[in-house]
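Examination of the molecular architecture
Single-letter residue listing:
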Amino acid sequence: MFEIADRILARLDAGEAVAVATAVGVDGSAPRGAGTSMAVTVDGTVIGSISGGCVEGAVYEMCERVLASGVAELESFGHDDHPFAIGLACGGRVEVLATRITRDDLVAVDALRRAAAGRPARVTRVLEGPRLGAIVARPDECSDIRSATERNEPAPRMVVVGAVEFAVALTNAASTLGYRVTVCDPRPVFATPERFPAAAEVVVAWPPTWLASAGLDADTAVVVVSHDDRFDAEVVALALERGAGYVGAMGSRRTHERRMQELAGLGVTDVARLRSPIGLDLGAETPEEVAVSILAEVLATRNATSARPLRERSGNIHPARAASTAS
């Protein structure tokens, strides 16, 4: 439920009850993992998705029943040879827990508020017996019964250096994918919240100075689109040195060669991780197309995939998961 926390909270704060269905267990090939959620409001509005379409109709009916009765339900959906059976066409199995939430459910509401604010949150629910769906204060309290813990971790970060037009398109697209984007540029006339409404933060500062204390980690993508020779190489060097999970820089082949020479002069040896020229070869030209090219490479790097066309691969499209619970 954390991935749709803000929309659920809006309904709860208005005094409405909401039914939330969460994939608490996934086994085999499935389009989405355990922990994904779908909510249904009293007016029938659907928020989120469990499987991308395979079982949503049946889950919707579950939520309607739970809204009416207040009694939690647990159902399993899997592939079945019967042509009219409800299940995952990709062959996996998903177990779904549906519960009703109101603003009086303080533990759940507090967890939702933490998640909506980008902070870590966790909820453990009972999966068997008369307390089905009940929230347990501590996971170790239910070691003798089946339960599932849904966790929310802060959104991955993206730092975009350079408040150029490509940065506007990239920020808009990255925020749609759930990235918390910071735009950094030393020019106040270009680095404004009005130009970057999708950014979580717009910083007017000298990029190397700001980046040195930005707290980069493996969940951070640093994208340099500034075309500014005064600091581009220094920013790349800092991002590589501080362990950013993805480091990419825009520019032509000639710009890349000059950048590599400057990095060598700075004593940078970890240049193999640098994605320059940035992005995948999609024939992108417009800022919006370039943003897709960059994000495709960011995702491929983050997920350690080949970025090859799926038709050139064999086996499952979705990763086959061993039986897992919500996390």
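Basis of the calculations
Residues numbered from 1 in each chain as written. Predicted model: local features only at pLDDT ≥ 70, side-chain atom pairs only at ≥ 80, totals over all residues. Heavy atoms only, no water. Helix = DSSP H or I, 4+ residues; strand = E, 2+ residues; numbered from the N terminus. Buried < 20%, exposed > 50% of the residue type's maximum accessible area, 1.4 Å probe, protein only. Contact = heavy atoms within 4.5 Å. Areas by Shrake-Rupley, 256 points an atom, 1.4 Å probe, with all protein chains shown as cover. Pairing = 2+ DSSP bridges. Axes fitted to C-alpha atoms, helices over the stretch in contact; angles between N-to-C directions. Parallel < 35°, antiparallel > 145°, perpendicular 65-115°, else oblique. Left-handed = near helix turned anticlockwise from the far one by under 90°. 1 Å grid on protein atoms, 1.4 Å probe; cavity = no way out; pocket = protein on both sides within 12 Å on 5 of 7 lines; lining within 4 Å. Points joined across faces, edges and corners; volume = space filled by probe spheres on them. Nonpolar A, V, L, I, M, F, W, Y, C, P; charged D, E, K, R; others polar. Arc of directions from axis to C-beta.

What follows concerns the overall build of the protein. Regarding its fold elements, the protein presents eight helices and 15 strands. Counting all 327 residues of the protein, 45% fall into the buried class. Expressed as a percentage of contacts within the protein between residues at least 6 apart in sequence, the contacts between residues at least 24 apart total 60%. On the protein, roughly 16300 Å² of surface is accessible, and the fraction owed to carbon and sulfur atoms is 50%.

In a beta sheet, neighbouring strands are held together by backbone hydrogen bonds and run either parallel or antiparallel to one another. Here we have six strands laid out as an open sheet, ordered S11-S10-S9-S12-S13-S14, and parallel in their pairing. The open sheet is flanked by strand S11 (201-204) and strand S14 (274-275), the only strands paired with a single partner. Strand direction decides the pairing type here: strand S9 (residues 157-161) and strand S10 (residues 180-185), joined by five bridges, are parallel. Across the sheet, residue Arg-157 finds its bridge partner in S10, namely Arg-180. Contacting S9, S10 and strand S12 (220-224), helix H4 (residues 165-176) crosses the sheet at an angle of about 175 degrees to S9.

Among the secondary structure elements, Leu-263 is positioned in helix H7 (residues 253-265). With 31 residues separating them in the primary sequence, Leu-263 and Asp-232 have C-alpha atoms 9.8 Å apart.

With that settled, consider the packing of helix H1 (residues 5-13) against helix H3 (residues 106-116). One way to put it is that H1 packs onto H3 with a least axis distance of 9 Å and a crossing angle of 135 degrees. Taken together, H1 and H3 sit at an angle that is classed as oblique. Between H1 and H3 lies a crossing whose hand is left-handed. Facing H1, whose interface residues are Ala-5, Asp-6, Ile-8, Leu-9, Leu-12 and Asp-13, H3 presents Val-109, Leu-112, Arg-113, Ala-115 and Ala-116.

It is worth spelling out the sheet that holds strand S7 (residues 135-136) at this point. Strand order in this open sheet of three strands is S7-S6-S8, and the pairing throughout is antiparallel. The open sheet has two edge strands with one neighbour each: S7 and strand S8 (147-152). Pairing of strand S6 (residues 121-126) with S8 involves six bridges; the strand directions are antiparallel. Across the sheet, Ala-121 pairs through a bridge with Asn-152, a residue of S8.

In this approach the atoms are scanned with a rolling probe the size of a water molecule, which exposes any empty space left behind. Applying the stated rule across the entire model yields three cavities of 30 Å³ or more. One number sums up the size of the largest cavity: a volume of about 120 Å³. Thr-22, Val-24, Leu-97, Arg-125 and Glu-150 are, among the 11 residues lining the largest cavity, the residues nearest its centre. For the lining of the largest cavity, the secondary-structure elements that each account for two or more residues are strand S1 (18-29), strand S5 (93-101), S6 and S8.

Further remarks concern the packing of helix H6 (residues 232-241) against H7. The interhelical angle for the contact between H6 and H7, taken along N-to-C directions, is 60 degrees, at an axis separation of 9 Å. Overall, the two elements H6 and H7 adopt an arrangement that is oblique. Here H6 and H7 pass one another in a crossing that is right-handed. Contacts between H6 and H7 involve Asp-232, Ala-233, Val-236 and Ala-237 on the former and, on the latter, Arg-259, Glu-262 and Leu-263. When grouped by side-chain class, the residues that make up the contact of H6 with H7 number four nonpolar, no polar and three charged.

Turning next to H3. When H3 is considered as a whole, its buried residues turn out to be Ala-108, Val-109, Ala-111, Leu-112 and Ala-115. The buried residues of H3 occupy an angular sector of 160 degrees when the element is viewed end-on, so they sit on one face. Exposed residues lying more than 90 degrees from the buried face of H3 are Leu-106 and Val-107. Contacts from the buried residues of H3 go to H1, S5, S6, S7 and S8. Looking one or two residues past H3, Gly-118 carries a phi angle of roughly 80 degrees, positive in sign.

Okay, H6 next. At 3.6 residues per turn, the α-helix brings residues three or four places apart onto the same side. Within H6, eight of the 10 residues are buried, which leaves it mostly tucked inside the rest of the structure. Looking at H6, one finds that the buried residues are Asp-232, Ala-233, Val-235, Val-236, Ala-237, Leu-238, Ala-239 and Leu-240. Packing partners of the buried residues in H6 comprise S9, helix H5 (207-211), S12, strand S13 (246-249), H7 and S14. Where H6 terminates, the next one or two residues include Gly-243, which has phi positive at roughly 85 degrees.

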